[in-house]
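Geometric and topological summary
Residues per chain are reported as follows:
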Amino acid sequence: MKPKTNTIADNANRWIANRVKHHQITKYLNDGKCFIDSEKIESQLWSNNNPDSARVKDILQKSLAVETLTFDETACLLNVDDAELIAEMEQAAGQVKKKVYDNRIVTFAPLYISNLCVNDCLYCGFRKSNKHAKRKRLSIDEIKRETEVLVGQIGHKRLIVVFGEDSKTDVDYIASTIQAIADVKVKTKCGFSQIRRSNVNAAPMSIEDLKILKEVGIGTVQVFQETYHRQTYEQVHPQNTIKGDYLWRLYAMHRAMEAGCDDVGIGALFGIYDWKFEVMGLLSHAIELEEKFGIGPHTISFPRLEPADNTPFTQNPEYAVSDSDFRKLVTVIRLAVPYTGMILTARENAEMRRQILPLGCTQTDASTRIGIGAYAGATDCQQGNKQQFMLGDIRSLDTVVRELAEAGYITSFCTAGYRCGRTGEKIMNLLRCGKEGQFCKLNAVITFREWLDDFASPETIAIGENLIAKEIREIKEKMPSLYPQLMSFYEKTKAGQRDMYF
Ligand code: SAM
Ligand code: SF4
């Protein structure tokens, strides 16, 4: 008889060997070619060098009209070096965000479930060859305890649930974690609290697996391409691993769309290759999704490579992105894809977040912990050998919300759009014409009130109430027909009713 351990290893190897479904790649190729054309990108970047200021100003007008930019226009903005023009671009990026999303910022928390991983990405603390990493996969009870802290003590309503890639965290396990999170409901000071939306950041999946996640009710499917430059991709992702397959990852969102998951989040890990190339790659991805499915990405993420425990690749990487280039790339993404949500994470330190957020970001995390089991169990905020990388900002949600309110941003805990079917193409159209903003403005006030009453410190309540008063005045003036309903919801919320939305 075969020893039991061999059978387990055989099953795991079979799982790996069957993971990539080649026919689910080839069906989307154009004449056998993928949508990233490296030579074309290089030549567009080269031929749009030395942009003149009149052209740049014209392009900014197009962004302000909430139109996706072309490759040449984006390459032109990426090549601007004149300080005054850059300042104009940054101002326009802020205006585009204001036009589409007003002064709202959505907050969320990452919830790391498992660092078991069969891949060996050179930059990641979870890679299988990292013997320092303490491996752990949370049990369902542990996930519930993590969620209780997130909803009962901090007040989060939205998560990004993160996984390594392993047969022990297959789609059935992922689905059970999403269900466990949704089941947690905690009594709060004035009402109750619950996670209302779980987005997932996990390895690319097949259409069949994605349909299972759609069924269980996940939010955005997030997969970052890491680098769109194929040669570099193949160098940093060993070719004998699942993640080594560039095309399987590149078409993850096509499969998500086909499976009915129409809110998709794309991203690049900045610091692996040339940042201008990556912005062009993100734009190519957005345009490809718009052309093939009529819907662009719901969100774009732009994580910068951070140091990770026992991970030499992250020390002095060749393509490290400076702070000023980072500002520019965020600005250009905002201008190139004006309708998309943009996610700024706690990888960046507090000062950098203050600088980057006004350039058009729409979502950010706070009270962030990325160790496995770190919300309920850990005393240290940073636990090198249980984390994928080190965080730049570990400030509390209360502190971040207060700082945002002081700067005039209202933190929205709203997830209503998704639950009313305002997703995918519907939300894209509403965003482009500014209509989604009406509902969002109302829901931001209600959900901010909920959070202030249940979780905020007295200082944050004081600042938050001034902001709410200003928002209510604006709604009364600009949306008089919706004002009475808003006030009815608002008073009920103050009395302890929860989860009312437009
Ligand atoms: N294992 C899944 C995968 O690779 O698709 C989930 C992703 S991983 C847990 C989340 C993201 O973190 C990665 O896609 C990558 O962009 C980012 N990441 C990995 N190592 C990083 C580092 N050293 N610094 C910053 N971000 C990193
Ligand atoms: Fe695994 Fe994802 Fe880390 Fe790569 S980035 S080693 S796939 S967890």
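Thresholds, definitions, all that
Residues numbered from 1 in each chain as written. Chains lettered and ligands numbered in written order. Predicted model: local features only at pLDDT ≥ 70, side-chain atom pairs only at ≥ 80, totals over all residues. Heavy atoms only, no water. Helix = DSSP H or I, 4+ residues; strand = E, 2+ residues; numbered from the N terminus. Rg over C-alpha atoms; globule rule 2.2 N^0.38 Å. Buried < 20%, exposed > 50% of the residue type's maximum accessible area, 1.4 Å probe, protein only. Contact = heavy atoms within 4.5 Å. Areas by Shrake-Rupley, 256 points an atom, 1.4 Å probe, with all protein chains shown as cover. Lys, Arg positive; Asp, Glu negative; His and termini not counted. Charge placed at Lys NZ, Arg CZ, Asp CG, Glu CD. Axes fitted to C-alpha atoms, helices over the stretch in contact; angles between N-to-C directions. Parallel < 35°, antiparallel > 145°, perpendicular 65-115°, else oblique. Left-handed = near helix turned anticlockwise from the far one by under 90°. Nonpolar A, V, L, I, M, F, W, Y, C, P; charged D, E, K, R; others polar. Domains from an automatic or database assignment. Buried area = accessible area lost by both parts, 1.4 Å probe. Salt bridge = Lys/Arg side-chain N within 4 Å of Asp/Glu carboxyl O. Polar contact = N/O pair within 3.5 Å; in protein donor to acceptor, adjacent residues only side chain to side chain. Near = heavy atom within 4 Å. 1 Å grid on protein atoms, 1.4 Å probe; cavity = no way out; pocket = protein on both sides within 12 Å on 5 of 7 lines; lining within 4 Å. Sits in = over half its atoms within 2 Å of the grid points. Phe/Tyr/Trp six-rings, centres within 6.5 Å; stacked < 30°, edge-to-face > 60°. Lys NZ or Arg CZ within 6 Å of the ring centre and 35° of its normal. Pairing = 2+ DSSP bridges. Right-handed = clockwise from strand over helix to strand, strands pointing away.

A few words now on the overall build of the protein. Helix and strand counts for the protein stand at 21 helices and 11 strands. Computed over its C-alpha atoms, the radius of gyration of the protein comes to 22 Å, within 12% of the 23 Å expected for a compact globule of 502 residues. Dimensions along the principal axes, computed over C-alpha positions, put the protein at roughly 70 × 60 × 40 Å. Here the protein holds 502 residues, and 61% of them are scored as buried. Counted over contacts in the protein with a minimum sequence separation of 6, partners at least 24 positions apart contribute 76%. Accessible area of the protein: about 19,900 Å², with a carbon and sulfur share of 49%. Positive and negative side-chain charges of the protein, numbering 65 and 65 respectively, have mean locations separated by a distance of 6 Å.

Where helix α8 (residues 171-183) contacts helix α9 (residues 207-216), the axes come no closer than 10 Å and their chain directions differ by 10°. As far as their axial angle goes, α9 and α8 are roughly parallel. In this structure, the crossing between α8 and α9 has a hand that is right-handed. Here Val171, Asp172, Ile174, Ala175, Ile178 and Gln179 of α8 lie close against α9, whose contacting residues are Asp209, Ile212, Leu213 and Val216. Residues that form the contact of α8 with α9 fall into these classes: 7 nonpolar, 1 polar and 2 charged.

For the protein, the assigned domains are domain 1 (94-420) and domain 2 (435-494). When each unit is reduced to the centre of its C-alpha atoms, the spacing between domain 1 and domain 2 is 28 Å. At the interface, 31 residues of domain 1 touch 22 residues of domain 2. Carbon and sulfur atoms supply 61% of the area buried between domain 1 and domain 2, which totals about 2,000 Å² over both sides. Summed over the three residues of domain 1 that lose the most area to domain 2, namely Arg104, Asp398 and Ile410, the buried surface amounts to 25% of that side. Seen at the junction of domain 1 and domain 2, the total is 3 salt bridges.

Take the side chain of threonine 241 next. Positionally, threonine 241 belongs in the loop between α10 (230-236) and α11 (246-250). A polar contact is formed between the side chain of threonine 241 and the backbone oxygen of proline 238, at a distance of 2.6 Å. Apart from the residues within four sequence positions on either side, threonine 241 is in contact with Val118, Asn119, Asp120 and Lys128.

Next up on the list: the site of ligand 1. By nearness alone, 20 residues border ligand 1, and Glu226, Lys243, Arg249, Glu306 and Gln388 come closest of all. Phenylalanine 163 is positioned such that a nitrogen or oxygen atom in its backbone is 3.1 Å from a nitrogen atom of ligand 1. Here an oxygen atom of ligand 1 and a side-chain polar atom of arginine 249 are 2.7 Å apart. Compared with its free state, where it exposes 560 Å², ligand 1 has 96% of that area covered by protein. With respect to the detected pockets, ligand 1 is housed in the largest cavity. When the residues that make up the shell around ligand 1 are grouped by side-chain class, the tally is 10 nonpolar, 4 polar and 6 charged.

A few words now on the packing of aromatic side chains. Scanning all chains against the criterion turns up 10 aromatic pairs. Taking the centre distance of 5.9 Å and the plane angle of 75° together, the rings of tyrosine 112 and phenylalanine 126 count as edge-to-face. You can see tyrosine 112 sitting in strand β1 (residues 104-114) and its partner phenylalanine 126 sitting in the loop between β1 and α7 (140-154), a full 14 residues away along the chain. As far as the burial class goes, tyrosine 112 and phenylalanine 126 line up, both buried. Taken together, Tyr28, Phe35 and Tyr251 form an aromatic cluster joined through their ring pairs. For the cation-ring pair, lysine 185 lies above phenylalanine 192, with the distance from its terminal atom to the ring centre recorded as 4.2 Å. Above the plane of the ring of phenylalanine 326 lies arginine 304, whose end atom (NZ or CZ) is 4.3 Å from the centre.

Our focus in this paragraph is the environment of glutamate 90. Secondary-structure assignment places glutamate 90 in helix α6 (residues 83-101). For glutamate 90, a relative accessible area of 16% corresponds to the buried category. It is 19 Å that separates the C-alpha atoms of glutamate 90 and alanine 350, two residues lying 260 residues apart in sequence. Not counting the four nearest positions on each side in its chain, glutamate 90 is found in contact with Arg327, Thr331 and Leu359. A polar side-chain atom of glutamate 90 sits 2.7 Å from a polar atom in the side chain of arginine 327.

Below, the discussion takes up the pairing of strand β7 (residues 264-267). Side chains of β7 alternate between two faces, with Val264 and Ile266 and Gly265 and Gly267 buried alike. By the bridge criterion, 2 bridges tie strand β6 (residues 221-222) to β7 in an arrangement that is parallel. Counted as the bridge partner of glutamine 222 is glycine 265 from β7. Here β7 pairs with strand β8 (residues 299-301) via 3 bridges, running parallel. Counted as the bridge partner of isoleucine 266 is isoleucine 300 from β8. After leaving β7, the chain enters helix α13 (residues 275-293) and then returns to the sheet as β8, a path that is right-handed.

Okay, helix α16 (residues 397-406) next. Because the α-helix completes a turn every 3.6 residues, residues three or four places apart line up on one side. Within α16, 7 of the 10 residues are buried, which leaves the element mostly enclosed by the surrounding structure. When α16 is considered as a whole, its buried residues turn out to be Leu397, Asp398, Val400, Val401, Arg402, Leu404 and Ala405.

Attention now goes to the packing of α16 against helix α20 (residues 458-478). Two elements in contact, α16 and α20, have axes whose closest approach is 9 Å; the angle formed by their N-to-C orientations is 35°. The two elements α16 and α20 cross, and the hand of that crossing is left-handed. Where α16 approaches α20, its residues Asp398, Val401, Arg402, Ala405 and Glu406 are matched on the opposing element by Glu459, Thr460, Ile463 and Leu467.

What follows deals with the pattern of salt bridges. As enumerated under the stated definition, the model contains 35 salt bridges in all. Put simply, arginine 395 and aspartate 393 hold a salt bridge, and the shortest N to O gap is 2.9 Å. For the residue pair arginine 395 and aspartate 393, the accessibility class agrees, reading buried in each case. One salt bridge connects arginine 402 with glutamate 459, and the closest N-O pair in it is separated by 4.0 Å. With arginine 402 in helix α16 and glutamate 459 in helix α20, this pair connects stretches of sequence that are 57 residues apart.

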